[in-house]
Amino acid sequence: MKYPKEVRTYCPKCKSHTTHKVKLVSKGAARPMAIGTRKHERSLLGHGGKRAGEKTVKKQGKRQKIVMECTQCKKKHERVIGVRTRKKLEFA
Ligand SMILES: [Zn+2]
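What counts and how
- Residues numbered from 1 in each chain as written.
- Predicted model: local features only at pLDDT ≥ 70, side-chain atom pairs only at ≥ 80, totals over all residues.
- Heavy atoms only, no water.
- Helix = DSSP H or I, 4+ residues; strand = E, 2+ residues; numbered from the N terminus.
- Rg over C-alpha atoms; globule rule 2.2 N^0.38 Å.
- Buried < 20%, exposed > 50% of the residue type's maximum accessible area, 1.4 Å probe, protein only.
- Areas by Shrake-Rupley, 256 points an atom, 1.4 Å probe, with all protein chains shown as cover.
- Lys, Arg positive; Asp, Glu negative; His and termini not counted.
- Charge placed at Lys NZ, Arg CZ, Asp CG, Glu CD.
- Pairing = 2+ DSSP bridges.
- Axes fitted to C-alpha atoms, helices over the stretch in contact; angles between N-to-C directions.
- Patch = residues over 30% accessible without salt bridge, like charges linked within 9 Å, V, L, I, M, F, W, Y side chains within 5 Å.
- Salt bridge = Lys/Arg side-chain N within 4 Å of Asp/Glu carboxyl O.

Draft legend 1. Structural view of the overall build of the chain. A tally of regular secondary structure across the chain gives one helix and six strands. In the chain, the order of α-helices and β-strands from amino to carboxyl end is β-β-β-α-β-β-β. On C-alpha atoms alone, the chain measures out to a radius of gyration of 19 Å, which is more than a quarter above the 12 Å that the 2.2 N^0.38 rule sets for 92 residues. In terms of principal-axis extent, the alpha carbons of the chain reach across some 55 × 30 × 20 Å. For the chain, with 92 residues in total, the buried portion stands at 20%. Carbon and sulfur atoms form 52% of the exposed surface of the chain, whose accessible area is close to 8400 Å². In the chain, which carries 28 positive and 6 negative side-chain charges, the distance between the mean positions of the two groups comes to 3 Å.

Now the structure itself:
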């Protein structure tokens, strides 16, 4: 999916519509002791296996999150794009 590099949208600090630069939100580093990370690492052990009667689920895309930076006050705010996409956003 394509998305513009610059968007004119509302800035809560300037309290008016200004141009914003758009970027994808980058994922932070995983915390090694977090419960989700430990569960995931435990799931990687062994040889996989299959249970009878379990249906395979079709992969769903992700909702992309973007950061918008106001060109006037440099304030950043995030926005989630509602459409699910398989691929990462392209900025055109
Ligand atoms: Zn602003």
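Draft legend 2. Broad picture of the sheet that holds strand β3 (residues 16-24). Ordered in space as β2-β3-β4-β5, the four strands form an open sheet in which the pairing is antiparallel. Each edge of the open sheet is held by one strand with a lone partner, namely β2 (6-11) and β5 (76-85). The sheet shows a mean angle of 45 degrees between the axes of neighbouring strands, direction not considered. Where strand β4 (residues 62-70) meets β5, seven bridges bridge the pair, whose relative direction is antiparallel. The residue bridging M68 from the neighbouring strand is H77, located in β5.

Draft legend 3. Spatial organisation of a positive patch on the surface. A cluster of basic residues, K21, K23, K74 and K76, forms a positive patch at the surface. In this fold, K23 is placed in strand β3. With a relative accessible area of 61%, K23 lands in the exposed category.

Draft legend 4. Molecular detail of the pattern of salt bridges. Under the defined criterion, the tally for this structure stands at one salt bridge. Where E78 meets K65, a salt bridge forms, and the shortest distance between an N and an O atom there is 3.4 Å. Residue E78 is found in strand β5, and its partner K65 is found in strand β4; the two are separated by 13 residues along the sequence.

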